[in-house]
Amino acid sequence: MKPELLSPAGTRKAMQYAYAFGADAVYAGQPRYSLRVRENEFNKLEVMAEAVEEAHKLGKKFYIASNIAPHNLKVRSYLKNMEPVIDMKPDALIMSDPGLIMMVRERWPEVPIHLSVQANAVNYATVKFWQNFGLTRVILSRELSIKEVAEIQEECPDMELEVFVHGALCIAYSGRCLLSGYMNHRDSNQGNCTNACRWDYKVNEAVQTMEGDIVLKNPPPPQSQQQLPIVDQVFLLEEPQRPGEYMPAYEDEHGTYIMNSKDLRAVQHVKTFSDMGISSLKIEGRTKSFFYAARTAQVYRKAIDDAAAGVEFNENLLEMLDSLSNRGYTEGFFQRHASESMQNYEHGRSVANKQQFVGDIIDREEDGLIIDVKNKFGLNDELELMTPSGNTVFELRTLLNQKTESIDVAPGSGHIVKIPFAENQLEESAGQLSAHDQRFALLMKSVQTPATTSLV
């Protein structure tokens, strides 16, 4: 059997695009009890209920994350707050706290529970423990190698296992981080992570006062007199158990991002996971856009289908994921790396290396597509029309504004433009879009490198 493709859904629109481009299931966070409470459209229970109903009408699954590490106050109110969630009939709850799991098992024994990655399952004995407790799936820790994942699957053949294959990585162990809480009193394990590991940390020499306080040795000059720091000292950190492996630690004009992990990308291992019998391949990103949901679903759907058909892995799938904003990619712990290969020391922000999302197709007229512009594009740009049925690459030769006047550039967000079929040689592909394809069609622009890739 093919593994399930599980996508993130921070919004209903992201859910819809994930399903349209191939996801079998999505997961979203429960209000107050998930790890993404700050940016979650499903904080409104009525929105989540409608989304679950929509998913089931499509024959898809909808999982609800209820995976915080709760303090007493939230434990006391948990069962009452769970009642409307259980009434939605989600396909499973994603949970990590043993106490809350016990309470749900006692009150609603028929509800499937998946063990969250927050519970840090790293061995087959742990998986068997939770299987004996009645859980139906275990989401394995991100810190496992492919060999270890295979061993757990072999030892637990009757238990569903889920593996993360794409998305942001935490510097902490499977996301159980205290840094955000320490830096600004926003507890990551309560759903309030501020991504403190991505911040720009600057190095300043300090001294200790007679009172024992640590203060700046040389207070900085006024802002108007400050200059960019210059790297005059560089250190290489060496851990005693890994002699000869050196990790650079320094500050330059970008700052210091020593705790900033690259993003996980394991599409090249989809066949391996499929062959070993993994039940679900999971994409991280509940704070991501609907474009992210669509692109990741499209690429990983292709990889899963190719693996099932015995088709050799398509290296172009790696490049297609470069169209997404990312902090650089890593295979994480699946393969052994030099220590620095997982870290991004240059910046904390995400960047898109190959393509940029530039437009949402909002209508189709007899002779062209109507585009809601998201980012600037113009004549002679190489564009890619992305739809659930496949992608088409073309060079933009003609562009019209809302008055059907010829223009050279679609300036950016807030503008509506038209791309004519005939002049852009799109009659055969875009001109015959189904209603479903038209609803979910997106437009991208090549950047830096001229070539893009088609799935058709």
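Refer to the structure printed above.
Keep in mind the model is a prediction, meaning the values are calculated, not measured.

Engineer: Honestly, the packing of helix α1 (residues 12–20) against helix α9 (residues 290–309) in this entry has me stumped. Any pointers?
Structural biologist: Packed helices, taken two at a time, are described by the angle their axes make and the gap between the axes. Packing of α1 against α9 leaves a shortest axis separation of 8 Å and a crossing angle of 20°. It follows from the interaxial angle that α1 and α9 lie roughly parallel. The handedness of the crossing between α1 and α9 comes out as right-handed. Contacts between α1 and α9 involve K13, A14, Y17 and A18 from the former and F290, A293, A294 and A297 from the latter. Partitioned by chemical class, the residues of the contact of α1 with α9 number seven nonpolar, no polar and one charged.

Engineer: Explanation requested: unusual backbone geometry in the structure shown.
Structural biologist: If a residue is not glycine, its phi is most likely negative; likewise, a peptide bond is most likely trans. Unlike most non-glycine residues, K89 shows phi in positive territory, near 60°. Note that K89 resides in the loop between α3 (72–87) and β4 (92–95). Positive phi outside glycine occurs at N120, with the angle close to 60°. Relative to the elements of secondary structure, N120 occurs in the loop between β5 (113–115) and α5 (124–132).

Engineer: Honestly, the sheet that holds strand β19 (residues 390–395) in this entry has me stumped. Any pointers?
Structural biologist: Backbone-to-backbone hydrogen bonds pair the strands of a sheet. The strands run either parallel or antiparallel. Pairing is antiparallel across the open sheet formed by six strands, whose spatial order is β19-β18-β22-β15-β16-β21. Single-partner strands in this sheet number two, and they are β19 and β21 (416–420). When the angles between neighbouring strand axes are averaged without regard to direction, this sheet yields 35°. Sheet analysis places strand β18 (residues 382–387) next to β19, joined by six bridges and oriented antiparallel.

Engineer: Before we go on, may I ask you to explain the pattern of salt bridges in this structure?
Structural biologist: Any two side chains of opposite charge can pair if their charged atoms end up close together. Scanning the entire structure with this criterion turns up 20 salt bridges. Here K2 and D305 are joined by a salt bridge, their closest N and O atoms 2.8 Å apart. Here the residue K2 occupies a position in the segment before β1 (4–8), and D305 occupies one in helix α9, the gap between them amounting to 303 residues. K2 gets classed as partly exposed once you look at its relative accessible area, which sits at 47%. One salt bridge in this structure joins E83 and R107, with 2.8 Å as the shortest N-O distance. Taken as a pair, E83 in helix α3 and R107 in helix α4 (residues 98–107) lie far apart in primary sequence, 24 residues in all. Ionic contacts of the salt-bridge type, sharing partners, join the residues E4, R137, E160, E162 and K282 into one network.

Engineer: It is not clear to me how the packing of α1 against helix α2 (residues 45–57) should be interpreted in this structure. Could you clarify?
Structural biologist: The contact between α1 and α2 brings their axes to 11 Å, and the two run at 10°. Between α1 and α2, the angle is such that the two are roughly parallel. Residues R12, M15, Q16 and Y19 of α1 form the contact with α2, whose participating residues are E50, A51, E54 and A55. The residue inventory of the contact of α1 with α2, partitioned by class, reads four nonpolar, one polar and three charged.

Parameters and conventions
Residues numbered from 1 in each chain as written. Predicted model: local features only at pLDDT ≥ 70, side-chain atom pairs only at ≥ 80, totals over all residues. Heavy atoms only, no water. Axes fitted to C-alpha atoms, helices over the stretch in contact; angles between N-to-C directions. Helix = DSSP H or I, 4+ residues; strand = E, 2+ residues; numbered from the N terminus. Parallel < 35°, antiparallel > 145°, perpendicular 65-115°, else oblique. Left-handed = near helix turned anticlockwise from the far one by under 90°. Contact = heavy atoms within 4.5 Å. Nonpolar A, V, L, I, M, F, W, Y, C, P; charged D, E, K, R; others polar. Pairing = 2+ DSSP bridges. Salt bridge = Lys/Arg side-chain N within 4 Å of Asp/Glu carboxyl O. Buried < 20%, exposed > 50% of the residue type's maximum accessible area, 1.4 Å probe, protein only.

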